[in-house]
Amino acid sequence: MTPGPGIAVTGLGLVTAAGIGTDVSWRSVCEGRSRATRNPVLDGLPIDISCTVPDLQPARDVGPRSALMHDRFIQLAIVAAREAVADSGLDPKTWDGARVGVVIGCGLGGIATFEKQHRRLLEKGPQAVSALLLPMLVPNMAAGHLAMDLGATGPNFVTASACASGATALGAAAQLLRDDLCDVVLTGGTEANVSRLMVTGFAQMGVLSRRVDDPTAASRPFDAARDGFVIGEGSGVLVLEREADARARRAPVRARFAGYGASADAHHITTPEPEGRSVRRAIRSALAQAGVGPEEVRHVNAHGTSTQVNDVIEARTLRAVFGDGVAVTSTKGVLGHTLGAAGAIEAALTVLAVQHSTIPPTANLDQLDADVDLDVVSGTAREEKVDVAMSNSFGFGGQNAVLVFTAA
Amino acid sequence: MSATYEKLVDLLVTHFAVEREKIRPDATFEELDLDSLFLVELLLVLQTELDMELADDAVNRTDTFGHLAELVEGRLGVTP
C-alpha cells in the first residue's frame, strides 16, 4: 500500500481531568501524577473515584443556555472544538463551512441526562420528562452541536466503537480529506459518563480499580499491582487538513496524521483476543499507510487501561511487532479511561509528543509487570526526538483502531 | 405585577437563560428567542413547577409573555 496524501494536524483542543485546555493537560500528563479524586456524585457506591474535569462552568465556558440544552458530553466537545479551531488559525466567520466536516467519537452520549429523566418518569410521571431529553441524549448530537456552534455544514457524524470511538473518528475524518469531500475536518471524541449507573455497570464487570482509599494510586497501567481502570471524562478535538492546504495558508503544522489501521477481533464481547492477531493487523495497516516500518516507530501511546488483561495482551502484541525498540506510555495513568474520548485525547497527546520531542511517563508505574517485556516510560518524561509515533485504541466488542503520526 | 408574573419571569431567567430586561408583557416568545421546542419545554416545566395542566399548544411563538401569564393566572384562579 502506498501512503495517502499527507494529512496535517493544525489545531488541538483538550478538556481533561487536568483542566480546560491543551497546555494544562499536556503539562499534567508530562508530570505523570494521577488526576483521580473522590467524586461526590458517586457517594455511597463501592467505587466512588473518577477522573473528572474540574471547574467546567457551562454558562461561562459554553453559553447562557448551555445547561438547558447540552448534556455534559456536548459541553466538553464544544469547549475542546473551539480551542482546536482557534489553535488552527482558521476563522469560522470566513471559512467555507460546506467544506468543513465534523467527525466525533462517542461511546455512550448523554447518559446523565438519561438517568435524570428516567428518574423523573418513575417518580413524577411522564409529564415531568423534559422535551429536550432526546436531543440531549443521542450521541450524534456531539457532531451536530459542533456544526451549529462553528458553522461547519460539511459531512457530520459520530462514530461508536466503544473505547476506540475517538480513534475511529480520526480515521474516518482523514478519509473525508483523502476523498476530497472536505478541506477541513474537526475530529476527536467526547465522553461524560461518570454517572452512578455507568460506574456501577463498569464496577459490576470487575474492570474498575478498587483502590478507592488511594485514588491517585488507582490507575497504574503496566504496573504489577494494577487492578483496573479509573473512569474518566473529557474531550479531545483535532483540526485536520491536507498538508498542502495547510502549507498554502502558512498554518503551523503540529504533526502529520500519517496512517490509520482498524480491525475486529471477532473473539469475545469484552476480552481481547489473547494472541493480538487482529491488533497486529491493524498496526501493520496503519504503518503501511504511513509508509514506515516498525523499526522507525519511536513511541507508542498504548491503550494501557490498567486492567490485568488488556495490559499484558497489548504488551505482548507490541513486543511481537516492535521488539524492545519503542518507548511506550499509557496516559490513562494520569487522566483515567475516558472511553469514547480516549482515542482522541491520546491522539492529541501523541501529536504533542512528536511536536515537543517528549514522551510522557506512565503514572504509578512502580514495578513493571513481569509479563510486560517493554520499555515503558515511568517516573519523569523522557526528552528525545520522536519522528514516528503510534496510538492504540481498543473497544469492547473487539474493535481496534491504530493511528500513526509523524513529525511535520 | 402579580406574584405569578414575577415567578414566570424568574423561571425564564433561571431555567431558559432569557435576559431579564427583555421580558415585558408585550414581548413575544419569538422576541425572547424561545423556539417551539423550548416553548414545549417551558409548558412542561410550568406544569410540574405549578402543578397545573396546560395543553402543549397552549401558546405559540407569536404569543406574548403577558398572554401566558394571564393564562397561568386564570388556571391558578388568581386575580392579576
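Bear in mind the structure is a predicted one, so any value in this text is a computation, not a measurement.

Undergrad: Sorry, what's going on with the environment of Ala 69 of chain B here?
TA: All names here are of chain B. Examined against the element boundaries, Ala 69 turns out to sit in helix α3 (residues 65-76). Each C-alpha atom, one on Ala 69 and one on Asp 26, is 11 Å from the other, the two residues being 43 residues apart in sequence. Beyond its immediate sequence surroundings of up to four residues, Ala 69 is in contact with Tyr 5 and Leu 8.

Undergrad: Please explain the pairing of strand β16 (residues 399-406) of chain A as it appears in this structure.
TA: A regular strand places its side chains on the two faces of the sheet in alternate fashion. All names here are of chain A. For β16, the tally of buried residues reaches seven of eight residues, placing the bulk of the element in the interior. Across eight bridges, the pairing between strand β9 (residues 255-264) and β16 is antiparallel. Bridging from a neighbouring strand, Ala 262 pairs with Ala 401 of β16. Counted between consecutive antiparallel strands, the loop separating strand β15 (residues 388-395) from β16 contains three residues, among which Gly 397 sits at a positive phi close to 90°.

Undergrad: For this particular structure, what's the right way to read the interface of chain B and chain A?
TA: Accessible area lost upon the coming together of the parts is a frequently used measure of interface size. Contact with chain B, which involves 14 residues of that partner, is made by 12 residues of chain A. Together chain B and chain A conceal approximately 1,100 Å² of surface at their shared face, both sides included; 61% is due to carbon and sulfur atoms. Between chain B and chain A we count one salt bridge in total. A salt bridge links Asp 33 of chain B to Arg 65 of chain A; the shortest N-O distance between them is 3.7 Å. At the boundary of chain B and chain A, one finds five residue pairs in polar contact (both at pLDDT 80 or more). Secondary-structure elements contributing two or more residues to the side of chain B that touches chain A are α1 (3-16) and α2 (36-50) of chain B. Tallying contributions element by element places α2 of chain B first for the side of chain B that touches chain A, with seven residues.

Undergrad: I'm lost on the environment of Thr 200 of chain A in this one. Help?
TA: Here Thr 200 of chain A lies in helix α9 (residues 196-205). Put simply, Thr 200 of chain A and Leu 42 of chain A are 158 residues apart on the chain and 9.2 Å apart in space, counted from C-alpha to C-alpha.

Undergrad: Hey, could you run me through the packing of aromatic side chains in this one?
TA: All names here are of chain A. In this structure the tally under the stated criterion is four aromatic pairs over all chains. Here Phe 202 and Phe 229 contribute two aromatic rings whose centre-to-centre distance is 5.8 Å and whose plane-to-plane angle is 70°, an arrangement assigned as edge-to-face. Here Phe 202 is found in helix α9, whereas its partner Phe 229 is found in the loop between α9 and β8 (234-242), with 27 residues between them in sequence. Of the two residues, Phe 202 and Phe 229, neither departs from the other in class, the shared state being buried. Every member of this aromatic cluster is reached through a ring pair, and the members are Phe 202, Phe 229 and Phe 396.

Undergrad: I'm lost on the pattern of salt bridges in this one. Help?
TA: Between side chains of opposite charge, pairing is possible as soon as their charged atoms come close. Residues and elements named next belong to chain A. With the rule as written, the count across this model stands at 29 salt bridges over all chains. Note that Arg 226 and Asp 369 form a salt bridge whose closest N and O atoms lie 2.7 Å from each other. With Arg 226 in the loop between α9 and β8 and Asp 369 in the loop between β12 (358-359) and β13 (375-376), this residue pair connects regions lying 143 residues apart in the sequence. Both residues of the pair, Arg 226 and Asp 369, belong to the buried class. For the salt bridge of Glu 273 with Arg 277, the shortest nitrogen-to-oxygen distance reads 3.4 Å. Each of Arg 99, Asp 180, Asp 183, Arg 242 and Asp 245 takes part in a single network of salt bridges with overlapping partners.

Undergrad: What is the right way to read the side chain of Glu 346 of chain A from this model?
TA: All names here are of chain A. As for its placement among the helices and strands, Glu 346 is situated in helix α14 (residues 342-356). The class for Glu 346 is buried, based on a relative accessible area of 3%. Other than its neighbours up to four places away in sequence, Glu 346 contacts Asn 301, Ala 302, Thr 331, Lys 332, Ser 391 and Asn 392.

Undergrad: Could you clarify how one ought to interpret the nonpolar core in this entry?
TA: Where a protein is soluble and globular, its nonpolar side chains tend to be buried together. All names here are of chain A. Ranked by size, the top nonpolar core spans 45 residues in total, and within it Val 9, Leu 170, Leu 238, Leu 240, Phe 257, Leu 349 and Phe 405 carry the most contacts. Elements with a contribution of two residues or more to this core: β1 (7-16), α1 (22-31), α8 (165-178), β8, β9, α13 (332-335), α14 and β16. Sequence-distant contacts of Leu 170, defined by excluding residues within four places in its chain, comprise Thr 187, Gly 188, Leu 238, Leu 240, Phe 257, Ala 344, Ala 347, Leu 403 and Phe 405. If you look at the next biggest cluster of nonpolar residues, it comprises 31 residues, including Phe 73, Ala 80, Val 85 and Leu 90.

Undergrad: Before we go on, may I ask you to explain the environment of Ser 165 of chain A in this structure?
TA: Residue and element names in this part refer to chain A. If you trace the backbone, Ser 165 turns up in helix α8. In the structure, Ser 165 is positioned 61 residues away from Ile 104 in sequence and 7.9 Å away in space, judged by C-alpha atoms. If near-sequence neighbours (up to four positions away) are discounted, Ser 165 is found in contact with Gly 105, Cys 106, Gly 107, Thr 159, Ala 160 and Gly 340. A polar contact is formed between the side chain of Ser 165 and the backbone nitrogen of Ser 161, at a distance of 2.8 Å. One polar contact links the side chain of Ser 165 to the main-chain carbonyl oxygen of Ala 162, over a distance of 2.6 Å.

Undergrad: Whenever I open this one, helix α7 (residues 141-150) of chain A confuses me. Can you help?
TA: Residue pairs three or four apart in sequence face the same way in an α-helix, which turns once every 3.6 residues. All names here are of chain A. For α7, the tally of buried residues reaches eight of 10 residues, placing the bulk of the element in the interior. Inspection of α7 places Met 141, Ala 142, Ala 143, Gly 144, His 145, Leu 146, Ala 147 and Leu 150 among the buried residues, and these make up the whole buried set. Tucked into the core, α7 has its buried residues touching α3 (66-69), α4 (72-88), β5 (100-105), α6 (133-137), β6 (156-159) and β7 (184-191). Within two residues after α7, Gly 151 carries a phi angle of roughly 65°, on the positive side.

Undergrad: Would you take a moment to explain the side chain of Thr 22 of chain A for this structure?
TA: Residue and element names in this part refer to chain A. Following the sequence through the fold, Thr 22 ends up in helix α1. Overall, the relative accessible area of 3% leaves Thr 22 in the buried class. For Thr 22, the side chain forms a polar contact with the main-chain nitrogen of Leu 14, separated by 3.4 Å. Once you skip the residues sitting within four places of it in the chain, Thr 22 turns out to touch Leu 12, Gly 13, Leu 14, Glu 83 and Leu 352.

The rules we used
- Residues numbered from 1 in each chain as written.
- Chains lettered and ligands numbered in written order.
- Predicted model: local features only at pLDDT ≥ 70, side-chain atom pairs only at ≥ 80, totals over all residues.
- Heavy atoms only, no water.
- Helix = DSSP H or I, 4+ residues; strand = E, 2+ residues; numbered from the N terminus.
- Contact = heavy atoms within 4.5 Å.
- Buried < 20%, exposed > 50% of the residue type's maximum accessible area, 1.4 Å probe, protein only.
- Pairing = 2+ DSSP bridges.
- Buried area = accessible area lost by both parts, 1.4 Å probe.
- Salt bridge = Lys/Arg side-chain N within 4 Å of Asp/Glu carboxyl O.
- Polar contact = N/O pair within 3.5 Å; in protein donor to acceptor, adjacent residues only side chain to side chain.
- Phe/Tyr/Trp six-rings, centres within 6.5 Å; stacked < 30°, edge-to-face > 60°.
- Core = buried A, V, L, I, M, F, W, Y, C linked by side-chain atoms within 4.5 Å.

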